[in-house]
Amino acid sequence: MTQTTTDRPSGRAGGAVVPVLAFAGIVVAVMQTLLVPVIKDLPRLLDASPADATWVLTSTLLSGAVATPIMGRLGDLYGKRRMLVASLAVMVIGALISASTSDLILMITGRTLQGVAMGAIPLGIGLMRDMLPRERLGSAMALMSSSIGVGGGLALPAAALVAQHSDWHALYLGAAGLGVLAIVLTLTVVPESPVRAEGTFDLPGALGLSAGLVLFLLPVSKGSDWGWTSGTTLGLLGAAVVVLLLWGVMELRVPAPLVDLRTSARREVLLTNLASIMVGVSFFVVSLVLPQLLQLPAGYGLGQSMVVAGLCVAPLGVTMMFTAPVYARLSARYGPKTTLILGLLIIAAGYGGGLGLMNAAWQTVLTSVILGAGIGLAYSSLPALIINAVPASETGAANGLNTLMRSIGTSVSSAVIGMVLANTADTVGGVEIPTLHGFRLSFLIATAAVTVGLLLALFLPGTRPSEQLPRLRASSEEDANLERAEAALRGTRGRVPNPAGVPGTTGVPGTTGAPRVTGAPRVTGAPSTTRAPATTGVPVACARVTPAGRNDPRTGGSVPAEDTL
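Residues numbered from 1 in each chain as written. Predicted model: local features only at pLDDT ≥ 70, side-chain atom pairs only at ≥ 80, totals over all residues. Heavy atoms only, no water.

### Considering the overall build of the protein
Of the regular secondary structure elements, the protein holds 19 helices and eight strands. Evaluated residue by residue, the protein yields a buried proportion of 54% over its 565 residues. Across the protein, contacts joining residues at least 24 apart in sequence account for 76% of those joining residues at least 6 apart. Carbon and sulfur atoms provide 65% of the accessible area of the protein, an area that totals close to 22,600 Å². (Helix = DSSP H or I, 4+ residues; strand = E, 2+ residues; numbered from the N terminus. Buried < 20%, exposed > 50% of the residue type's maximum accessible area, 1.4 Å probe, protein only. Contact = heavy atoms within 4.5 Å. Areas by Shrake-Rupley, 256 points an atom, 1.4 Å probe, with all protein chains shown as cover.)

Now the structure itself:
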């Protein structure tokens with residue numbers, strides 16, 4: 001249930017809101033890919049075993065997965081901008097910790113705090129929905145949703161350049177500086193959303209979901225080290241199933257759950273989230289394969305430097321960024337379902353063509369451009385599909401869950417592709433080197449994942465372009481009030497209001513007064529298609545619904561609990 005809501009954006013959003021929110025998303029993505037150029041050197045840099053050094057990456061994955069739905073729900077309850085700034089602040093603290101140490105435990109602590117910032121992307125999408133006018137919302141959400149890929153693609157060459165010519169701790173100092181800049185810009189430019197959800201934070205639900213996600217993602221990310229059939233891996237996966245099932249039962253019984261599972265079970269939400277997992281898988285495959293292919297010595301790869309490899313992969317993110325306005329036009333005409341399907345088809349074409357484009361650096365650039373266009377369209381379509389299916393008061397939590405699904409996809413992709421490359425590697429001088437066979441097999445796996453996502457997308461309900469942008473409704477509890485108001489409006493059909501505003505009491509002989517609605521939402525403002533008889537030609541006013549007994553955000557006044565239509 002919401003405390004304050006509007007039928008339309010607040011109108012307070014200036015022209016700089018979208019680039020500032022997108023910049024915040026890009027900064028978060030930069031943090032996630034910061035260590036890619038130095039992954040192979042982490043054991044030496046941290047004086048740790050390879051298995052222990054991987055916790056530097058695993059900790060960020062786990063904290064990001066846990067924080068994303070939680071920050072989304074906190075944003076719905078206490079303010080999306082407030083939670084966006086808080087998540088960026090935690091990221092900055094984590095970056096400063098990592099920049100000041102080479103101790104493994106402290107580095108893992110810093111990386112864990114950095115993962116909290118993953119919640120910034122669904123919070124940014126929620127802010128856009130609450131504030132932007134209809135004509136700007138499509139392209140804005142597309143850019144925000146794609147920022148995770150844009151930041152990742154742009155960060156690779158920059159991080160490679162820094163790591164190659166400077167101390168690797170400078171990577172964290174640069175990220176902390178970007179985080180501070182994002183905080184300042186957000187506080188300066190982005191207004192707080194007026195939309196709030198009533199109730200209290202579901203702490204047991206948050207703890208249950210956190211435990212279930214950790215139990216699931218930990219063996220997924222460490223299974224190759226522990227062994228996929230080991231007791232530890234299977235035991236944790238089994239425990240994850242039990243915990244998540246119990247969590248689901250609990251969430252169905254609480255009045256204000258962390259995640260509304262009934263809403264999540266709707267066909268359009270469920271299929272969109274499942275397709276998001278497949279898109280996440282496909283995105284991470286190219287991020288894992290192409291840098292290795294480019295940097296491996298001739299005979300196994302293309303023998304390029306770290307910086308050149310980053311520049312060859314950068315078009316992936318650049319293309320995703322420029323896809324946002326293209327998506328907005330296509331979606332406005334054909335709907336987000338169609339753009340999602342188109343994006344998945346382009347991804348499949350990119351991976352299919354990429355099987356034969358591994359012989360020169362320019363070929364990897366072409367593959368990056370094609371995949372960037374497809375992933376950009378797919379990522380841009382996901383938030384539009386989600387917000388069309390959920391109430392305004394659940395935007396943050398719903399998009400947080402969708403972002404979590406993408407994270408699960410990337411985690412599964414990392415584990416599966418890592419296992420494939422390890423099992424197909426050649427051993428040279430005691431060192432395992434990935435092969436072209438392993439790279440091509442990885443592309444085939446990505447193609448299969450995209451095919452599954454395409455099948456899921458085909459079963460999404462169709463949406464007419466005129467229905468793409470959501471009608472902001474306060475909450476599911478207020479649906480009943482809305483239905484009573486609409487029923488009352490239907491009762492006024494064919495009646496002409498008298499000077500006092502009561503339909504049917506004067507002006508048309510034989511009509512009777514409209515019923516008085518008690519406890520229903522007040523009806524004000526917008527025109528209706530319901531009209532009086534043709535002899536009078538006077539339209540009956542009906543309109544937007546504001547919850548009874550709540551403050552009207554358009555006027556600042558109070559709406560009475562009882563009013564006459």
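### Some remarks on the packing of helix 7 (residues 120-131) against helix 8 (residues 134-165)
Between helix 7 and helix 8, whose axes approach to 9 Å, the crossing angle comes to 175°. Classified by the angle their axes make, helix 7 and helix 8 are roughly antiparallel. Contacts between helix 7 and helix 8 involve A120, I121, G124, I125, M128 and R129 on the former and, on the latter, L137, A140, M141, M144, S145, S147 and I148. Of the residues belonging to the contact of helix 7 with helix 8, the class tally is nine nonpolar, three polar and one charged. (Axes fitted to C-alpha atoms, helices over the stretch in contact; angles between N-to-C directions. Parallel < 35°, antiparallel > 145°, perpendicular 65-115°, else oblique. Nonpolar A, V, L, I, M, F, W, Y, C, P; charged D, E, K, R; others polar.)

### With respect to helix 1 (residues 17-33)
Taking 1.5 Å per residue, 17 residues should reach 24 Å; helix 1 reaches 25 Å between its end C-alpha atoms and fits that length. Most of helix 1 sits out of view: 14 of its 17 residues are buried. (Expected span 1.5 Å × (residues − 1).)

### Concerning the packing of aromatic side chains
Tallying each qualifying case throughout the model produces three aromatic pairs. Plain terms: the ring middles of Y351 and F443 are 4.9 Å apart, the flat faces sit at 80° to each other, and that makes the pair edge-to-face. Of this pair, Y351 sits in helix 15 (residues 336-354) while F443 sits in helix 18 (residues 436-458), and the two are 92 residues apart along the sequence. Across this residue pair, the class does not change: Y351 and F443 are buried. We note R406 situated over the ring of Y379; from NZ or CZ to the ring centre the distance is 4.5 Å. (Phe/Tyr/Trp six-rings, centres within 6.5 Å; stacked < 30°, edge-to-face > 60°. Lys NZ or Arg CZ within 6 Å of the ring centre and 35° of its normal.)

### Thoughts on empty space enclosed by the protein
Counted according to the given criterion, the structure contains three cavities of 30 Å³ or more. Mapped onto the lining of the largest cavity, the elements with two or more residues apiece are helix 8, helix 13 (267-295) and helix 14 (306-334). The element contributing the most residues to the lining of the largest cavity is helix 14, with four residues. (1 Å grid on protein atoms, 1.4 Å probe; cavity = no way out; pocket = protein on both sides within 12 Å on 5 of 7 lines; lining within 4 Å. Points joined across faces, edges and corners; volume = space filled by probe spheres on them.)

### As for the packing of helix 1 against helix 5 (residues 80-99)
When two helices pack together, their arrangement is given by the angle between the helix axes and by the axis-to-axis distance. Between helix 1 and helix 5, the least distance of the axes is 12 Å, while the angle of their chain directions is 35°. Our pair here, helix 1 against helix 5, has a crossing hand that is left-handed. Residues L21, A24, V27, V28 and M31 of helix 1 form the contact with helix 5, whose participating residues are L84, L88, M91 and A95. Taken together, the residues of the contact of helix 1 with helix 5 sort by class into nine nonpolar, no polar and no charged. (Left-handed = near helix turned anticlockwise from the far one by under 90°.)

### Some remarks on the pattern of salt bridges
Taken as a whole and assessed by the stated rule, the structure comprises four salt bridges. Two residues, R44 and D41, come together in a salt bridge whose shortest N-O distance is 4.0 Å. According to the relative accessible area criterion, R44 is exposed, its value standing at 61%. Sharing partners across several salt bridges, the network here consists of D76, K80 and D130. (Salt bridge = Lys/Arg side-chain N within 4 Å of Asp/Glu carboxyl O.)

### Quick notes on helix 14
A rise of 1.5 Å per residue sets the reference length of helix 14, with its 29 residues, at 42 Å; its end C-alpha atoms lie 41 Å apart and thus fit the reference within 8%. The principal kink in helix 14, of about 35°, is found at A324, preceding the proline P325 by one to four residues. Where helix 14 terminates, the next one or two residues include G335, which has phi positive at roughly 100°. (Bend = angle between axes of the 7 residues up to and from the residue.)

### Concerning the environment of V66
With respect to the element layout, V66 can be found in helix 4 (residues 55-78). Considered as a pair, V66 and G212 are 146 residues apart in the sequence and their alpha carbons are 9.4 Å apart.

### Quick word on the environment of R266
Checked against the element boundaries, R266 lands in the loop between helix 12 (261-264) and helix 13. The partly exposed category is assigned to R266, whose relative accessible area is 34%. Separated by 124 residues in the primary sequence, R266 and V390 place their C-alpha atoms 9.4 Å from one another. If we skip the residues at most four places from it in the chain, R266 touches A389 and V390.

### Overview of the confidence of the model for the protein
Looking at the protein, the pLDDT average stands at 78 and 79% of residues meet or exceed 70. Predicted confidence is poor over residues 466-480, with pLDDT under 50, and the contacts of this stretch with residues over four places away or in other chains come to 39 contacts. pLDDT under 50 marks residues 505-565. Its contacts with residues more than four places away, or in other chains, come to 120 contacts. (pLDDT = per-residue confidence, 0-100.)

### Regarding the side chain of T233
Among the structural elements, T233 can be located in helix 11 (residues 231-253). A polar atom in the side chain of T233 sits 2.9 Å from the backbone oxygen of G227. Beyond its immediate chain neighbours, meaning those up to four positions away, T233 contacts P219, G223, W226, G227 and W228. (Polar contact = N/O pair within 3.5 Å; in protein donor to acceptor, adjacent residues only side chain to side chain.)

### Some points on the side chain of T364
Among the secondary structure elements, T364 is positioned in helix 16 (residues 361-387). On the basis of relative accessibility, which here comes to 0%, the residue T364 falls in the buried class. Discounting residues that sit within four places of it in the chain, T364 has contacts with L290, L293, L294, L302, C312 and L357.

### Let's talk about the environment of D52
On the secondary structure map, D52 appears in helix 3 (residues 50-53). A residue is classified by how much of its surface remains accessible, and D52, at 36% relative accessible area, is partly exposed. Considering only alpha carbons, one finds D52 and I105, 53 residues apart in sequence, at a separation of 9.8 Å.

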